Amino acid sequence: MTELPKTFDPAEIESRWYAHWENKGLFRPERPTAEPFTIVNPPPNVTGSLHIGHALDNTLQDIVIRYERLRGKDALWVVGTDHAGIATQMVVERQMEARQDKRTNYTREQFIDKVWEWKAESGGAITRQLRRLGCSMDWANERFTMDEGFSKAVVKVFVELHKRGLLYRDKRLVNWDPRFRSAISDLEVEAQEVKGGFWHFRYPLADGVKLADGADHIVVATTRPETMLADMAVAVHPEDPRYKDVIGKDILQPITGRRFKIVGDEHADPELGSGAVKITPGHDFNDFEVGKRAGFRAAEMLNMFDADANVVQTADGLIPERFLGLHRFRRDGVDGARDLVVAEMKALGLLVPHVSKNKEGEEVLSDAEPRTIQTPFGDRSGVVIEPWLTDQWYVDAEKLAQAPMQAVRDGRIEIVPKTWEKTFFNWMENIQPWCVSRQLWWGHQIPAWYDEDGNPYVAESEEEAQALAGNKALTRDPDVLDTWFSSALWPFGTLGWPEQSETLARHYPNDLLISGFDILFFWDARMAMQGMEFMGDVPWRKLYLHGLVRAADGQKMSKSKGNVVDPLGLIDKFGADALRFFMAAMESQGRDVKMDEKRVEGYRNFATKLWNAARFLQSNGVTASASHEAPQPQAPVNRWIIAETVATVQAIDTAMNELRFDAAANAIYHFVWDQFCDWYIELTKGSMDAETKAVAGWAFDQILVMLHPFMPFITEELWNLTGTRETELIVARWPQALYAVDSEAQAEIDWLIRLISAMRTARTELNVPPGAKLAVVVHGASDETRRRIDRQGAALARLGRVESLSFDDAVTGGAAQIVVDEATFILPLEGVIDIAAEKSRLAKALAAAEKERDSLSGRLANPSFVEKAKPEAVAKAREDHAEKAAEAERLAAALDRLA
């Protein structure tokens, strides 16, 4: 047995043990006959680096997989990375731009070769970072969504969905990124507040038609004047009395001269602006739906922008030539379509100016009302997203959603916390077609070929497509698939599908998926759709949705706010074990995690306490337990620690079954810190006989096993330094909570702890000198209490600083009283402290605490403060009130003791 160093070095321990585990294949030990347990890791982008959200998500998964591995299961944690189409292409293109090179200088195949070169040299940094966190994944079978086998699965699913009528080509609005010239998903769109304007324009009514008030025009308001060049209607509420009589009449777009109808639609809010809105179905998602309700087919809707967001001619040819080629916004000092539209409407006398007042109270006219507008930006490109009407490939998500919804209803999929079910159903019941095509080069190229007439032929190979087309000349679709399409196959594609392997049969369905709630629809729901469509069963039996990691003040982390926390920096500072334990302890179902570096530091101190406990045991001759079975001791304190160990195992098992990570972490934390280190070690100091050494060694072994899923590195190190072991801790045996709880020993030691704690509290509150020993008198003690005092006299003398104990004697002079159960323990203080001075001090402190408590209470009772103050100020006031209330209660109790 090696002597433990005085301090431990997390960095040295972590690198050494991780390499050992991985090299020996201990993340996936051979257990072909054991019960399987399977989870899949949400594949991080191959371009990514470890952020604090990854740290939370992967810590929770690792806790579960290490726990199930210790329970003897054939635990498989599937790992891999996502090819991240748009992100990876962006990274490679930026590197090329830095060398004054660009993608278009190469053929598609040449560029893809460059991406593969980048992946080989720089891709996958995040997998090394996951190792630093301690993630015990099955690296020997790491997958990549562009692997040959996985790509085969992706192509097969696309073709099969098309054959089944669940995948088709359609013209619809998409989120278009003009920087990348591609459609992007909602998840890649980031809303930002932008200072803009709200313009009001007069649209003339046609054919001499007038409103009820005699007006020959309708005023419409818009934040996007440029899109009026593709207007196709003006909508009013069908019950709005101002416009009811002109619904179905014609109105004119002043610049293009386009003639279109006034339509009645509830989308128009009579209380907002003029109650009339222009409808541009080719460039607004709401307008697209209004247009459909008005009877426009997608093919008829007008598109006025090209892929770069420059103005192009619409199908009816009515956009004036002077607008063609202009960018939608002002750029590089050149007016854009927006500027020219506003200028021309103003010149025509059709702009309604905004009236405001300056500081002197004078009216000031401006073209637009200033507005702060929620504007969609591409999260990677940083440009404004354009709703754009284009032909794309779509999956019939509505039909695929039916099976997962039924699986949640009948319990085959359990969503934890259950509160997320409502959100799940709300989205699934209102699901839209899923756009799965992207205009990129990097990714799974769509397996579709077109003849000269544009007819598509979908097949797994060009030869098969040629056969379907009757040997016509074909051109392959240049688009690639959305990365969410391929990652939706992760639970079965990673297990070898479409090959019907033994691994697939054994590990599908997966047992659990742990995911952030923010990808419930983008990934989780789509996995459920594809898994049930192609495997005929749920992809996982349980779905756990955790919250986000937020800044200490509750704000969302963002680079622009400067409040992003680097988990690797925390690991460097405090060790991976401390960060992992923080994540587990703070993960409370349904709540976000607030980042708190002090708490991480506190869990580093917890690791230090564990280390010091191991050193104390070692110095007292305690070694690894010779048996998995608990000893059968006689001493109450040893029987008590065994009972507490069993209770902790039971608490962790219950918490893990319910996925209450915070409850599991807190159970082992309090057992280690309070029961074992603070009390068991203290109660057994100086009396380490053979029985106690055996019990201490056994209990400490159980601690290492129970703590291992949360703090794998320090526990493995201590496991191997404290004795000779049959196996590494990572593949040891989880404690069995099979022993009968010794309630008699628990009751006695709990009584002893409460009594010593009360004595220590009284001594501290009353300023009793630390070295002073007191002659304690006990009144009203039962026979059982007397026997306990007799058995625990040595502990009371040492830990309670008790000089002597007597029963029912009279006490003269000042004293403090402590009541524990039926007995009153009287601590004579005459000559030990100045009782009058202490009473005066306590009374003054109590009055001050009560004054502050009541002042804070008054502030919190004031609705004006609670409603108008900053949330953090209200929270601070509540914390301070609770603190002062507790202080007042404590001081009042101390005064009562002296009464």
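A. Main features of unusual backbone geometry. The peptide bond linking Val416 to Pro417 adopts the cis configuration, its omega dihedral lying at -5°. One can find Pro417 in the loop between strand S18 (414-416) and helix H11 (420-429). A cis amide bond links Trp497 with the next residue in sequence, Pro498, at an omega value of 15°. Here Pro498 is to be found in the loop between helix H14 (490-493) and helix H15 (502-507). For Gln100, which is not glycine, the phi torsion reads 55° and is therefore positive. By the secondary structure assignment, Gln100 is in the loop between helix H3 (85-98) and helix H4 (108-121). When its relative accessible area of 71% is taken as the criterion, Gln100 is described as exposed. A positive phi angle, close to 60°, is found at Asp207, a residue other than glycine. A residue is classified by how much of its surface remains accessible, and Asp207, at 60% relative accessible area, is exposed.

B. Quick look at the pattern of salt bridges. The tally for this structure, following the rule as stated, stands at 69 salt bridges. Linking Arg143 and Asp147 is a salt bridge whose minimum nitrogen-to-oxygen distance equals 3.7 Å. A residue is classified by how much of its surface remains accessible, and Arg143, at 16% relative accessible area, is buried. Between Arg541 and Asp511 there is a salt bridge, with its nearest N and O atoms 3.4 Å apart. With Arg541 in strand S26 (residues 540-546) and Asp511 in strand S25 (residues 510-516), the pair connects residues that are 30 residues apart, well separated along the chain. One connected set of salt bridges, linked through shared partners, spans Arg224, Glu226, Arg328, Arg338 and Glu386.

C. Quick peek at the side chain of Asn175. The residue Asn175 is located in strand S5 (residues 167-177) in this model. Looking at Asn175, the relative accessible area reads 10%, which means it is buried. When residues no more than four places from it in sequence are discounted, the contact partners of Asn175 are Ser182, Ala183, Ile184, Ser185, Asp186, Val189, Phe285, Ile385 and Glu386.

D. Just the environment of Leu718, in detail. For Leu718, the location among the structural elements is in helix H23 (residues 712-721). A residue is classified by how much of its surface remains accessible, and Leu718, at 0% relative accessible area, is buried. Remark: the alpha-carbon pair of Leu718 and Asp482, spanning 236 residues in sequence, is separated by 47 Å. In contact with Leu718, other than residues within four places in its own chain, are Leu4, Leu610, Trp611, Ala614, Phe700 and Leu704.

E. Focus on helix H21 (residues 661-684). The sharpest bend along H21 reaches about 35° and sits at Phe676. Two residues or fewer past H21, Gly686 is found with a positive phi of approximately 80°.

F. Geometry of the environment of Gln736. The residue Gln736 is located in the loop between H23 and helix H24 (743-765) in this model. Given the relative accessible area of 42%, Gln736 is considered partly exposed. Separated by 482 residues in sequence, Gln736 and Pro254 have C-alpha atoms that sit 81 Å apart. Polar side-chain contacts of Gln736 include one of 3.1 Å to the backbone oxygen of Trp734.

G. Broad picture of the packing of aromatic side chains. Summed over the entire model, instances satisfying the criterion amount to 34 aromatic pairs. Summarising the aromatic geometry, the rings of Trp497 and Phe534 are spaced 5.7 Å apart at their centres and angled 65° between planes, so their arrangement reads as edge-to-face. Highlighted residues: Trp497 in the loop between H14 and H15 and Phe534 in helix H16 (residues 520-534), separated in sequence by 37 residues. You'll find Trp497 and Phe534 in the same group, each marked buried. Ring centres 5.4 Å apart and planes at 75° place the aromatic pair Tyr544 and Phe661 in the edge-to-face group. One end of the pair, Tyr544, is in strand S26; the other, Phe661, is in helix H21, and 117 residues separate them in sequence. Both residues of the pair, Tyr544 and Phe661, count as buried. Taken together, Phe581, Tyr603, Phe606, Tyr669, Trp673 and Phe710 form an aromatic cluster joined through their ring pairs. In this arrangement the basic side chain of Arg66 is found over the ring face of Trp21, its NZ or CZ atom lying 4.6 Å from the centre.

H. How the structure looks around a negative patch on the surface. Together, Glu109, Asp113, Glu117 and Glu121 give the surface a local cluster of negative charge. Its location among the elements puts Glu117 in helix H4.

I. Summary view of the nonpolar core. Counting residues in hydrophobic clusters, the biggest one holds 144 residues, and the most contacted among them are Phe581, Phe676, Phe700 and Phe825. Considering every element that reaches this core, the biggest residue donor is H21, with 14 residues. Among the nonpolar cores identified, the runner-up in size contains 61 residues, and Val78, Leu166, Phe534 and Leu545 belong to it.

J. Molecular detail of the packing of H24 against helix H25 (residues 783-791). For the pair H24 and H25, the least separation of the axes is 11 Å and the interaxial angle reads 75°. Considered as vectors, H24 and H25 are oriented roughly perpendicular to each other. Here Ala747, Glu748 and Trp751 of H24 lie close against H25, whose contacting residues are Thr785, Arg788, Ile789 and Arg791. Of the residues that constitute the contact of H24 with H25, the class distribution is three nonpolar, one polar and three charged.

K. Spotlight on the sheet that holds strand S29 (residues 774-779). Spatial ordering of the open sheet is given by S30-S29-S32-S31, a layout of four strands whose pairing is mixed. In this open sheet, the two edge strands, each paired with only one partner strand, are strand S30 (802-807) and strand S31 (815-820). Looking at each pair of strands side by side, their axes are set apart by 25° on average, direction ignored. Alignment of S29 against S30, held across five bridges, turns out to be parallel. Following the sheet pairing, Val778 is matched in S30 by Phe807. In the packing of H24 onto the sheet, contacts are made with S29, S30, S31 and strand S32 (823-828), and the angle to S31 comes to roughly 155°.

L. Structural context of the pairing of S32. S32 sits mainly inside the fold: five of its six residues count as buried. Here three bridges tie S29 to S32, and the two strands are oriented antiparallel to one another. Within S32, the position partnered with His779 by the bridge is Thr824. Judged from the six bridges that link them, S31 and S32 form a sheet pairing that is antiparallel. From the neighbouring strand, Ile818 faces S32, where its bridge partner is Phe825. Turn length for the S31-S32 hairpin, with the two strands adjacent in sequence and antiparallel, is two residues, and the turn residue Asp821 shows positive phi of about 55°.

M. Quick peek at the packing of helix H19 (residues 597-619) against helix H22 (residues 690-707). Two numbers describe how H19 lies on H22: the axes approach to 11 Å, and their chain directions differ by 155°. What the angle tells us is that H19 and H22 run roughly antiparallel. Between H19 and H22 lies a crossing whose hand is left-handed. When H19 is examined against H22, the residues Phe606, Leu610, Ala613, Ala614 and Leu617 are found in contact with a partner set consisting of Ala696, Phe700, Ile703, Leu704 and Leu707. A class-by-class count of the residues in the contact of H19 with H22 yields 10 nonpolar, no polar and no charged.

Thresholds applied
- Within any chain, residue numbers begin from 1 and follow the written order of that chain's sequence.
- For a predicted model such as this one, the threshold for reporting local features is a pLDDT of at least 70, and the threshold for listing and counting side-chain atom pairs is 80 or more; totals across whole chains, interfaces and linings nevertheless cover every residue.
- Water and hydrogen atoms play no part in the side-chain values, which are based on all heavy atoms of the structure.
- To qualify as a helix, a DSSP run of H or I must reach at least 4 residues; to qualify as a strand, a run of E must reach at least 2; elements of each kind are numbered from the N terminus.
- Only protein chains enter the accessibility calculation, which uses a 1.4 Å probe. A residue is then buried if its area is under 20% of the maximum for its type, exposed if over 50%, and partly exposed in between.
- Think of a salt bridge as a Lys or Arg side-chain nitrogen and an Asp or Glu carboxyl oxygen that are within 4 Å of each other.
- When checking whether two residues touch, look at their non-hydrogen atoms; a contact exists if any pair is within 4.5 Å.
- For a residue, the bend is simply the angle between two axes, fitted respectively to the seven-residue segment ending there and the seven-residue segment starting there.
- Polar contacts, as counted here, are pairs of nitrogen or oxygen atoms within 3.5 Å of one another; within protein the pair requires one atom able to donate a hydrogen and one able to accept it, and residues that are adjacent in sequence qualify only if both atoms are side-chain atoms.
- Working definition: rings of Phe, Tyr and Trp (its six-membered ring) pair if their centres are within 6.5 Å, and the pair is stacked with planes under 30 degrees apart, edge-to-face with planes over 60 apart, and tilted otherwise.
- We call a charge positioned over a ring when the NZ of a Lys or the CZ of an Arg lies within 6 Å of the ring centre and within 35 degrees of the ring normal.
- Without a salt bridge and with relative accessible area above 30%, a residue can belong to a patch; like charges are then joined within 9 Å and nonpolar side chains (Val, Leu, Ile, Met, Phe, Trp, Tyr) within 5 Å.
- Residue exposure ignores everything except the shown protein chains as possible cover, and the areas themselves are Shrake-Rupley values with a 1.4 Å probe.
- When charges are counted, neither His nor the chain ends are considered; positive counts come from Lys and Arg and negative counts from Asp and Glu.
- Charge placement uses NZ in Lys and CZ in Arg. For Asp and Glu, CG and CD serve respectively.
- The definition of a nonpolar core used throughout is a set of buried Ala, Val, Leu, Ile, Met, Phe, Trp, Tyr and Cys residues joined through side-chain atoms within 4.5 Å.
- Axes here mean lines fitted to C-alpha atoms, for a helix over just the part in contact, with angles spanning 0 to 180 degrees between N-to-C directions.
- Oblique is the label for any angle not under 35 degrees, not over 145, and not in the 65 to 115 range, which are roughly parallel, roughly antiparallel and roughly perpendicular in turn.
- Three residue categories are used. Nonpolar comprises Ala, Val, Leu, Ile, Met, Phe, Trp, Tyr, Cys and Pro, charged comprises Asp, Glu, Lys and Arg, and polar comprises the others, including Gly.
- At least two DSSP bridges between two strands are required for those strands to pair.
- By definition, turning the near helix anticlockwise from the far helix through less than a right angle yields a left-handed crossing, and turning it clockwise yields a right-handed one.

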